[in-house]
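# Overview (structure and organization)
Given next are the chains, with one letter for each unit.
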Amino acid sequence: MKCQVSVLLGAALLCLVVLVLQPSTVRGDRLQPKGYKQTVEKLQQFYESFEQQVSREFRRWQQQGSMTPHFRHLIAASAIGKSERAQEIRELPTAREGPLCAICRGFGGSVLEFRREGASREEVFNTTVELCTMLNLQEESICRGLIDLNIDTILYIVDNRPELSSASLCAVVFQSGACVLDDPTFTEWQVELDPNGTPVTASKAGTPQRGLNDLKIVQITDLHFDPNYRPGYNAECGAPACCRESQGVPEDPAAGAGHWGDYRNCDTPWNAVEDLLDRVAEEHADADFIYHTGDIIDHGIWETSIGYNVRSISRVVEKFRQTFGETPVYNILGNHEAHPTNVYELGEVTRPDFSTNWLYHLSADLWSQWLPQAAQQTIRLGGYYTALVSPGFRVIALNNNDCYTFNWWILFQPDALKGQLQWLHDVLLQAERAGEKVHILAHLPISSDCFSVWQREYRRILERFRDTISAQFHGHTHKDEFNVFYASESPEHAVGVAWNGGSGTSHTNVNPNYVVYYVNPETYEVTDFESYAYNLTSANMSPDERPAWFRMYSFQEEYGLSDLSPAGVDAMIQRLGTPAGRDELRRYWEYKVKLADASLATDCTEECLLNHLCEIVTNQADDLRKCQELSETFFD
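Residues numbered from 1 in each chain as written. Predicted model: local features only at pLDDT ≥ 70, side-chain atom pairs only at ≥ 80, totals over all residues. Heavy atoms only, no water.

Before going further, it helps to spend a moment on the side chain of T128. Within the secondary structure layout, T128 lies in helix α5 (residues 121-134). Accessibility expressed as a relative area gives 0% for T128, which makes it buried. For T128, the side chain forms a polar contact with the main-chain oxygen of V124, separated by 2.8 Å. (Helix = DSSP H or I, 4+ residues; strand = E, 2+ residues; numbered from the N terminus. Buried < 20%, exposed > 50% of the residue type's maximum accessible area, 1.4 Å probe, protein only. Polar contact = N/O pair within 3.5 Å; in protein donor to acceptor, adjacent residues only side chain to side chain.)

Dropping the structure here:
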């Protein structure tokens, strides 16, 4: 699942507490206004001035033991609204990019300086908790929990990267145009690419409509099982995860959690997890494979532990084993499986208490019945693997949570991200030489919160092996959506499509769903998919009955496509980017939120619809060319 706004040690400890990883219905704007570059240039000067001003007041606070009225004014003016706690950074309006970067650099920079001047762990902890609370990033108890779980990792990085600046830290975490990353340590690394690729001269065409012999693959993702979920308990608690036993029963029954889940900041009760998996087994017993694309753990990210995560992961994987029997299940890790959440070790780290090996070894053991023995090595190394499903068809399962901008280890050794990407390239090169077609599974959509340099290198790999990669499958966003990749030097040509399976959870303001793909048995391209969901409002009105699952739509039927190739889907996007395609685009948005009552009640303006269209064609943080192109035809 996804992450949101905030400001951390150094800039990280404060940042992390608002990065509470919950989906948002807020309508951001992808397009940058006129004069944006000039504004950003001026902002850089403001950041330095603001950082110096906050630093002076921060020092006085530490020396005198009390805040000056001016410092309190700076904090009050910088405090975010409660509604922004749940927003994803990439969905915030462009106008908020500058202020949030300033908060990060100003207050985060002061804490960074504080540590480097000799502050102890306890002093840094108490200071950041107080600032976190005063800046309204989260309630105090959640600030305490999040900072306590993450502070040791961040202190290690700060202590061992003396050249790391607050400017670089904030630029990596926020990854917005207003937070400029000007540090070659982060940007000057590349995957070694095989030189034998061919130039992109046209969009990639593909297999026509689905046939009777197509393979059937079910994608299940983002279950977010919460063992603490209790029907009737407070669903309006204000925390990243509500509906939990510790949060009590509200006075107003309308604020109580539903039996089958809740549209508010609540995860999935066990009965809903069981029902989803049982329905897939009952209704799609002829499925050839299951793709399970991560995020088993709930959003209680301020109070996770290794033992807690192990219990939930083991329980869910055992349910997959019992439910699907001999049907192969290809699992990958989500950002929530790690402890602390999002934190996947990278680089040459010497402390064993920071290791993610516990998760990799657990995964290797739990997934072993579905995978060849050879997959064990890379799973235990880094949580990723490849498997030859059948002659001519290979699955590559990535652990791309390492590229999440909220994985603090990127700040420690950014070029360590190259390792798994180079492995991906090398496996694809072997597949190309063997004449195999490949499906790539990755929890994070490439366009969603992955570090921009990782995005750049992935796109280079995808473009080079576009004829070998038949499909990509993602999760994380909880939305029923897709992403189209375009050639970096010839953006008029579409070279790949990635499909998103939505989520088993209803967190936040979406209905639970799963997706059934139809795949050509020779090219292994997706020829169609059907998305299945149930209406949470109706399900909770009949707690003693199983939810009424229904087929929301067939992608091919809904949009009248001759094929789902990059070329075919690009033609659809061009249509949706005109006034004549407005009704279709609105239907796309309605299906994206899975016809959830809570989202449909908010509607989506034309600007909102354009934003959702732009999200389809944007897969690198600093490349808005396709979005700008669509905006020029949108209101004709």
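Pairing within the open sheet is mixed, and its six strands lie in the order β3-β2-β1-β10-β11-β12. Among the strands making up the open sheet, the edge pair consists of β3 (329-331) and β12 (550-554). Going across the sheet, the axis of each strand differs from the next one's by a mean of 25 degrees, ignoring polarity. Where strand β1 (residues 215-220) and strand β10 (residues 513-519) come together, five bridges link them in antiparallel fashion. Paired with Q219 across the strands is V515, a residue of β10. (Pairing = 2+ DSSP bridges. Axes fitted to C-alpha atoms, helices over the stretch in contact; angles between N-to-C directions.)

Now for unusual backbone geometry. Going from H339 to P340, the amide bond is cis rather than trans, its omega being -5 degrees. With respect to the helices and strands, P340 occurs in the loop between β3 and α11 (357-367). Residue T508 is reached from H507 by a cis peptide bond, and omega for that bond is 0 degrees. A positive phi angle is found at N136, which is not glycine, with a value near 65 degrees. As for its position among the elements, N136 is in the loop between α5 and α6 (140-160). Looking at N136, the relative accessible area reads 17%, which means it is buried. In this structure, H224 is a non-glycine residue whose phi angle is positive, near 45 degrees. What makes H224 buried here is its relative accessible area of 0%.

Take the pairing of strand β8 (residues 482-486) next. Across the five residues that make up β8, a large majority, five, are buried. With burial as the criterion, each face of β8 is covered, one bearing F482, V484 and Y486 and the other bearing N483 and F485. Relative to strand β9 (residues 494-500), β8 runs antiparallel, the two sharing five bridges. Residue pairing for β9: V484 is matched across the bridge by V497.

By secondary structure assignment, the location of S355 is in the loop between β3 and α11. Engagement of the side chain of S355 in a polar contact is seen with the backbone nitrogen of N357, the distance being 2.9 Å.

Turning our attention to the pattern of salt bridges. Applying the stated criterion across every chain, the model contains 42 salt bridges. Where R264 meets D262, a salt bridge forms, and the shortest distance between an N and an O atom there is 2.7 Å. Look at R264 and you get partly exposed, because its relative accessible area is 22%. (Salt bridge = Lys/Arg side-chain N within 4 Å of Asp/Glu carboxyl O.)

With their axes 9 Å apart at the nearest point, α5 and α6 run at an angle of 140 degrees to one another. The pairing of α5 with α6 is recorded here as oblique in orientation. Crossing of α5 over α6 shows right-handed handedness. Each of R121, V124, F125, T128, V129, C132 and T133 in α5 lies in contact with α6, whose residues at this interface are E140, C143, R144, I147, D148, I151, D152 and L155. The residue makeup of the contact of α5 with α6, split by class, is eight nonpolar, two polar and five charged. (Parallel < 35°, antiparallel > 145°, perpendicular 65-115°, else oblique. Left-handed = near helix turned anticlockwise from the far one by under 90°. Contact = heavy atoms within 4.5 Å. Nonpolar A, V, L, I, M, F, W, Y, C, P; charged D, E, K, R; others polar.)

Scanning the model with the defined rule gives 41 aromatic pairs in all. If you follow R210 out to its NZ or CZ, it ends over the ring of Y518, 3.7 Å from the centre. Across from the ring centre of Y486, 4.3 Å away, lies the NZ or CZ of K626, which sits over that ring. (Phe/Tyr/Trp six-rings, centres within 6.5 Å; stacked < 30°, edge-to-face > 60°. Lys NZ or Arg CZ within 6 Å of the ring centre and 35° of its normal.)

The next point concerns the domain arrangement of the protein. Per the domain assignment, the segments of the protein are domain 1 (26-186) and domain 2 (215-229 + 267-634). Computed from C-alpha coordinates alone, the two centres of domain 1 and domain 2 are separated by 30 Å. Listed by partner, the interface residues are 31 residues for domain 1 and 43 residues for domain 2. Surface buried jointly by domain 1 and domain 2 totals about 3200 Å² across both partners, of which 65% is contributed by carbon and sulfur atoms. Inspection of the domain 1/domain 2 interface yields six residue pairs in polar contact (both at pLDDT 80 or more). Elements supplying a minimum of two residues to the side of domain 1 that touches domain 2: α6, α7 (166-174) and α8 (184-187). Per element, the largest residue contribution to the side of domain 1 that touches domain 2 is twelve residues, and it comes from α6. For the side of domain 1 that touches domain 2, a count of residues per class yields 14 nonpolar, nine polar and eight charged. (Domains from an automatic or database assignment. Buried area = accessible area lost by both parts, 1.4 Å probe.)

The subject of this paragraph is the sheet that holds strand β7 (residues 469-474). Spatially, six strands are ordered β4-β5-β6-β7-β9-β8 in an open sheet, and the strand pairing comes out mixed. Only two strands of the sheet have a single partner each, and these edge strands are β4 (385-390) and β8. Strand-to-strand twist of the sheet, defined as the mean angle between neighbouring strand axes without regard to direction, takes the value 20 degrees. As defined by bridge partners, strand β6 (residues 437-441) adjoins β7 across four bridges and the pair is classed as parallel.

At a minimum axis separation of 7 Å, α11 and helix α12 (residues 375-382) run at an interaxial angle of 155 degrees. Here α11 lies roughly antiparallel to α12, going by the angle between them. Residues N357, Y360, H361, S363, A364, D365 and W367 of α11 pack against Q376, I379, R380, L381 and G382 of α12. A class-by-class count of the residues in the contact of α11 with α12 yields five nonpolar, five polar and two charged.

Another point: the UniProt feature "domain: Saposin B-type" (unreviewed entry) in the protein. Here the UniProt-annotated "domain: Saposin B-type" (unreviewed entry) positions come out as residues 97-183. The distance separating the terminal C-alpha atoms of residues 97-183 is 20 Å; by composition the span is 74% helix and 0% strand. (UniProt positions renumbered as here; feature names shortened; annotations may be inferred.)

It is worth spelling out helix α9 (residues 270-283) at this point. Taking 1.5 Å as the rise per residue, α9 with 14 residues should run 20 Å; its terminal C-alpha atoms sit 20 Å apart, in good agreement. All of the buried residues along α9 are W270, A272, V273, D275, L276, L277, R279 and V280. (Expected span 1.5 Å × (residues − 1).)

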